[in-house]
Structure formats: structure tokens, C-alpha cells
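# Geometric and topological summary
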Amino acid sequence: MAERRQIRSDVKKEVHKTDQEEKPVLKKKQKGKSRSDDIRDVSVFKRLAIIAIIIIVFTYARDYLINKYTVENIEERPFVSVDETVSRRFLNVKCSPDYEMRFQGCSPKKCGRVVMDGLVSQDEAAELVALAKKGMAHGDSAGGPTILDLHSGALTLGKKFVNIYKITKDLFTARDFEVYKSVKNKIQNAIAQEFGLRRSKLYLTKPTFFSKITSKPAKTEHDEYWHPHVDKVTYGSFYYTSLLYLSDYKRNFTGGRFVFVDKYRNNTVEPKTGRVSFFTSGSENLHHVQKVSSGTRYAITVSFTCDKQHAISDPAKGS
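Here the residue numbers are simple positions, counted from 1 along each chain's written sequence. Totals for whole chains, interfaces and linings use all residues, but because this is a predicted model, local features are given only for residues with pLDDT of at least 70 and pairs of side-chain atoms are given and counted only at 80 or more. Computation of side-chain values covers all heavy atoms of the structure but excludes hydrogens and water.

### Considering the packing of helix α2 (residues 122-136) against helix α4 (residues 174-195)
Here an angle of 0 to 180 degrees is reported between the N-to-C directions of two axes, which are lines fitted to C-alpha atoms, with helices fitted over the stretch in contact. Numbering of helices and strands runs from the N terminus; a helix is a DSSP stretch of H or I covering at least four residues, while a strand is a stretch of E covering at least two. At their nearest, the axes of α2 and α4 sit 10 Å apart, and the two run at 125° to each other. Considering the angle they form, α2 stands oblique to α4. Viewed along their axes, α2 and α4 form a crossing whose handedness is left-handed. Residues Glu-124, Glu-127, Leu-128, Leu-131 and Lys-134 of α2 lie in contact with α4, whose contacting residues are Arg-175, Asp-176, Val-179, Tyr-180, Ser-182, Val-183 and Lys-186. The class makeup of the residues in the contact of α2 with α4 is five nonpolar, one polar and six charged. When an angle is under 35 degrees it counts as roughly parallel; over 145 it counts as roughly antiparallel; between 65 and 115 it counts as roughly perpendicular; any other value is oblique. Handedness of a crossing is defined here by the sense of rotation of the near helix relative to the far one, left-handed for an anticlockwise turn of less than a right angle and right-handed for a clockwise turn. Whether two residues touch is decided by their heavy atoms; if any such pair falls within 4.5 Å, the residues are in contact. Residues were grouped as follows: Ala, Val, Leu, Ile, Met, Phe, Trp, Tyr, Cys and Pro as nonpolar; Asp, Glu, Lys and Arg as charged; and all remaining residues, including Gly, as polar.

Listed below in C-alpha cells is the structure:
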């Protein structure tokens, strides 16, 4: 009996010893599995990084090719030239799905582009360009356009904006603001009539501003005004965009034509003092401004929205 007990005791010791020896092996196996997972994780990360790089390179290449071959080298025709005078020229285009249609009496039921000569008088245009020059005499861009916003007071100075109303006192007269408001109302009425809108549902929005563009080279990406863009995408609140030109293509500057980028050809508007161009702001009217190569180009961008939350008031003396 004693011998059997001794045998059993020896067997238990051997089993216990074997168990103790196997546990480190299992731990090693578990550690080996963890390293494999780490290797797989690193491999997945590398693949994702490569995919991201490919997407970035593809995007830049695509934009470059679109700009080079679709925008610059596509056939162009003047929608309206500087040498002609048109009371009204309209081009209908199919509306994009960019608009919220909940704004009854304002959301576009038809889309297009309109150019009008004579809506704004030459005297009004002369007063407005004098207003722009008076304000911009207190600032200038380091590169790209110089901007003057009478609503916020923003004026380009170097690479930043300053408030024109804090720099000078009583620079603008009551007459300046009166002409500005009168011209804005004329443009607003024309847009409402052309697109069948209720004028009371069409609101002035920001940014609405004067611009001066010269051949001064851009210093930053923000100075590069010549890239194709869609106003509804860029600004969000825009539903209708208008431009009032305050200088003449070829006479006051070269380059600087306004270009609608279409599928098979580009349609250009050649600026002319007092000329008003307006259009629906969605992607049906992709556009850009050509680089100004010489001289000085003055214009006003007057923007309208259907969303009252984005409305701005007219500027006034004492702003």
C-alpha cells in the first residue's frame, strides 16, 4: 500500500511539473499571436496611407487637367462684348439641384444669365467708382484683389483686413450711400423681374463688396481669384449673384474678362462701365475671372439670398 501511495504521489508531481512547463509555452504562443496582429495592423495602416496618397495625387492631377484643358484651352465665344450695347441678353440654363426649394417666391424655378447695359447710368457708375477709389486709397492688397465692403467696413490692407470706419471718420457722404442703395435696388428689381420672384422675398446678403484687381502677382492662395468656382458652394447663402462693372475691358485693363465655364465652350462677358451681369448662383453657372494682365479693373459684387437669416441691411452714414 505504501508503495502505491508513493507511486501516485510521484505521478502527481510529474503531472504538476509538466503543467508548469507547458504554461510558459502557451504564453509564448499568445505573445507570438499578438506580434502577428501588430504586423497585420501596420500592414493595413501602410495600405491606407498609400491609398490616401493616391487619392490626393489624383485629385490634384484632375484639377490641374480640368483647369488646363477644360477651362483654358476650350473654345471661347463672347456672350457680350465690350464693343456692343445690349438692353438685355438672356441665356437659359438648366438649374442644378443646389437650391433649397422651400423659399416660395424666391427659390429659382428657372436658371440663367442676364446682361444689361443701361440699367445703371454712367453718372451713377462714375459716382460709385469714385467712392471705391476714395475708400481704397486707405488700403491696398499685397497681392490679388483689393476689397472694400461698405456693410462691414472691411478693407484690404496688405495681407489682412482693417475696418475703414475705424481708420477714418466721415469719409463717405450721405450721397455716397444714397447712390449705392439706389443702384442695389435697381439690380434687385431686375433680378426679381427676370426670374419671376417676389422682390420682398429676395434679400441682400454678404459678401457684397467693391473689388479692384491689377496685375499685381498673388502672394497667397487666397489671392488667386482666377480659379473656376460656384458661388452657391463657395458662400452657401447665395442664390443670385450680380456684378456691376466700373471700368472697361481693353480701355482700362486687359485680361479680367468674366468667363462662364460650359461643357463645350466658355461664354465670356467683357466688362464695360455701367454694365450689369447677373445669374443664378448654383453649379449651372460655374465661372471664373481671367487674370488681369495690365491696368486696373473695378467692379461691385452684389449678392442676394432667399434665406432671411442671411440678410444684411444697407450701409448708412455713421456705420
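### Some thoughts on α4
Compared with an ideal rise of 1.5 Å per residue, which puts 22 residues at 32 Å, α4 spans 32 Å between its outermost C-alpha atoms and is within 8% of the ideal. Positive phi appears at Gly-196, one or two residues downstream of α4, with a value of about 65°. Expected span of a helix: the number of residues minus one, times 1.5 Å.

### Quick word on the packing of aromatic side chains
Between rings of Phe, Tyr and Trp, where Trp is taken as its six-membered ring, a pair exists when centres lie within 6.5 Å; planes separated by under 30 degrees are stacked, by over 60 edge-to-face, and by other angles tilted. Evaluation of the coordinates by the stated rule reveals 14 aromatic pairs. Measuring from centroid to centroid gives 5.9 Å for Phe-103 and Tyr-239, while their planes differ by 90°, and the two rings are edge-to-face. Highlighted residues: Phe-103 in the loop between β2 (89-93) and β3 (111-116) and Tyr-239 in the loop between α5 (231-235) and β8 (240-245), separated in sequence by 136 residues. Both residues of the pair, Phe-103 and Tyr-239, count as buried. Residues Phe-260 and Phe-279 carry aromatic rings whose centres are separated by 5.3 Å and whose planes lie at 90° to one another, so their mutual orientation is edge-to-face. Burial status follows relative accessibility: with a 1.4 Å probe on protein chains alone, a residue under 20% of its type maximum counts as buried, one over 50% as exposed, and anything between as partly exposed.

### Some remarks on the state of the cysteines
Among covalent bonds in proteins, the disulfide is the one between the sulfur atoms of two cysteines. Whenever a pair of cysteine sulfur atoms sits within 2.5 Å, that pair is classed as a disulfide. This model, assessed by the stated rule, comprises two disulfides. The disulfide partner of Cys-95 is Cys-111, and the gap between their sulfur atoms is 2.0 Å. As the torsion about the S-S bond is roughly 110°, the Cys-95-Cys-111 disulfide counts as right-handed. Separated by 16 residues along the polypeptide, Cys-95 in the loop between β2 and β3 and Cys-111 in strand β3 bring together distant segments of the chain. Under the relative-accessibility criterion, Cys-95 is labelled partly exposed at 29%. In the protein, numbering the disulfide-bonded cysteines from first to last in sequence yields the connectivity 1-3, 2-4.

Purely spatial values, then, with no claim about function.
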